[in-house]
Amino acid sequence: MNVLVVFDHPRRKSLSGAVLDQFVQGLHEAGHVPEIADLHAETFNPRMPTEDEPDLVGSANTFTEAVLREQARVERNDAIAFIFPVWWWSIPATTKGWIDRVWNEDWAYGAKKLHLERALMIGLAATGTASFKKRGYTSAMETQLVVGIMNFCGIENARLELLHDTLESDDIRRALLEEAKILGRTYAD
Ligand SMILES: Cc1cc2nc3c(=O)[nH]c(=O)nc-3n(C[C@H](O)[C@H](O)[C@H](O)COP(=O)(O)O)c2cc1C
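Position numbers for residues count from 1 along each chain, tracking the sequence in the order it is written. The predicted nature of this model means local features are confined to residues of pLDDT at least 70 and side-chain atom pairs, given and counted, to a pLDDT of 80 or more, with totals for whole chains, interfaces and linings taken over all residues. The basis for every side-chain value is the complete set of heavy atoms in the structure, and neither hydrogens nor water enter the calculation.

Asks: Tell me what's going on with the site of the ligand, and back it up with residues and numbers.
Replies: Whether a residue is near a molecule or strand depends on its heavy atoms: it is near if one of them lies within 4 Å of it. As a matter of local geometry, the ligand sits amid 15 residues, with His9, Ser16, Trp88, Trp89 and Thr127 nearest to it. Counted as a polar contact is a pair of N or O atoms within 3.5 Å, where, for protein atoms, one must be capable of donating a hydrogen and the other of accepting one, and residues adjacent in sequence contribute only when both atoms are in side chains. At a separation of 2.7 Å, an oxygen atom of the ligand approaches a polar backbone atom of serine 16. At a separation of 2.9 Å, an oxygen atom of the ligand approaches a polar side-chain atom of threonine 166. To be clear on the numbers: accessible area is Shrake-Rupley with a 1.4 Å probe, and residue cover counts the displayed protein chains and nothing else. Bound to the protein, the ligand loses 75% of the 630 Å² it would expose on its own. Within this scheme a cavity is a closed region of a 1 Å grid, computed over the protein atoms alone, that accommodates a 1.4 Å probe without allowing it to escape, whereas a pocket is open but has protein on both sides within 12 Å along at least five of seven lines; lining residues each have an atom within 4 Å of a point. Put plainly, a molecule is in a cavity or pocket when over half of its atoms are within 2 Å of the grid points there. The site holding the ligand turns out to be the second largest pocket. Side-chain classes follow a simple rule in which Ala, Val, Leu, Ile, Met, Phe, Trp, Tyr, Cys and Pro form the nonpolar group, Asp, Glu, Lys and Arg form the charged group, and the remainder, Gly included, forms the polar group. The class makeup of the residues in the shell around the ligand is 10 nonpolar, five polar and no charged.

Asks: I'd like a rundown of the pattern of salt bridges, residues and numbers included.
Replies: Salt-bridge detection follows one rule: a side-chain nitrogen of Lys or Arg within 4 Å of a carboxyl oxygen of Asp or Glu. Scanning the entire structure with this criterion turns up 10 salt bridges. The shortest N-O distance in the salt bridge between aspartate 170 and arginine 173 comes to 2.9 Å. Separated by three residues within a single helix, aspartate 170 and arginine 173 lie in helix H6 (residues 170-185), roughly one turn from each other. Three exposure classes are used, based on accessible area relative to the maximum for each residue type with a 1.4 Å probe and protein chains only: buried under 20%, partly exposed in between, and exposed over 50%. A relative accessible area of 47% means that aspartate 170 is categorised as partly exposed. The salt bridge partner of arginine 174 is aspartate 171, with a shortest N-O separation of 2.7 Å. Placement of the pair is arginine 174 and aspartate 171 together in helix H6, with a separation of three residues, close to one helical turn. Relative accessible area serves as the criterion here: at 53%, arginine 174 is assigned to the exposed category. Numbered from the N terminus, helices here are DSSP runs of H or I no shorter than four residues, and strands are runs of E no shorter than two.

Asks: Lay out the packing of aromatic side chains in plain terms, naming residues and giving numbers.
Replies: In this analysis, rings of Phe, Tyr and Trp, with Trp reduced to its six-membered ring, are considered paired at centre separations within 6.5 Å, and the interplanar angle assigns stacked below 30 degrees, edge-to-face beyond 60, and tilted for intermediate values. Going through the model one piece at a time under the given rule, you end up with eight aromatic pairs. The interplanar angle of 65 degrees and the centroid separation of 6.0 Å between the aromatic rings of phenylalanine 82 and tryptophan 103 together place this pair among those described as edge-to-face. Remark: tryptophan 103 occurs in the loop between helix H3 (93-102) and strand E4 (119-124) and phenylalanine 82 occurs in strand E3 (residues 79-85); sequence separation between them is 21 residues. The same class applies to phenylalanine 82 and to tryptophan 103, which are both buried.

Asks: Can you explain helix H2 (residues 65-75)? Please cite residues and give values.
Replies: Those residues of H2 not exposed but buried are Val67, Glu70, Gln71, Arg73 and Val74. When H2 is viewed along its axis, its buried side chains cluster within an angular range of 155 degrees and face the same direction. Away from its buried face by more than 90 degrees, H2 exposes Glu65 and Arg69. Throughout, a residue-residue contact means that at least one pair of heavy atoms, one from each residue, lies within 4.5 Å. On its buried side, H2 packs onto strand E1 (2-7), strand E2 (33-38) and H3. Here the arc refers to the set of directions running from the helix axis out to each C-beta atom.

Asks: So what's going on with the layout of surface pockets? Which residues, and what values?
Replies: Quantified by volume, the largest pocket comes out at close to 200 Å³. Broken down by element, the lining of the largest pocket gets its largest block of residues, three residues, from H3. Across the lining of the largest pocket, the residue classes break down as eight nonpolar, two polar and two charged. Grid points are joined across faces, edges and corners, and a volume is the space filled by probe spheres set on the points. By volume, the second largest pocket amounts to about 170 Å³. Lining of the second largest pocket is provided by 13 residues; of these, Val86, Trp87, Leu124, Ala125 and Ala126 occupy positions nearest its centre. Across the lining of the second largest pocket, the residue classes tally to 10 nonpolar, three polar and no charged.

Pasting the structure below:
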């Protein structure tokens, strides 16, 4: 399976970057072909220009070259994954802007939906599972990201995986990296 892996972190040499490496390694081991979209390294501009703003009351949608390039990248893959640090109980602004601009009306929702077979969203969080559960952050993120974006755009097979306690200890970080590789290996299971 060809898998577009959308990576969002200002530093490639971060724990998130190491998770990306392990996940991609796992994908390779399972015979998949990953393509990495490193939004920061590629200087993707998450701000919506008027040219890409959907015409929600009409059908006069036009897209900029930057968006057409990203849409082509999505179209040449069978499935997608996102790797990002959890910032304010959500995806960072660059991933949000990428979705806002690229997953546009009548291309990702509306008259036409996405053809992608599955989506896996991997978020790295400093806070532990108990705190997430206590305040309902896990289900809030699932509702927003999995139901509100992935399912809404036609990807039925979508899920969120949170890697917790990222700032706790080297032992925990090693375990999270192992988990990331397994997520790659079992991506299509
Ligand atoms: C702007 C910002 C917002 C953050 N918000 C959250 C949050 O809502 N929940 C959480 O558990 N951690 C939060 N964190 C901590 C990050 O998740 C943590 O720094 C990250 O998992 C560490 O991985 P990294 O070294 O790859 O950045 C936040 C960090 C930043 C910089």
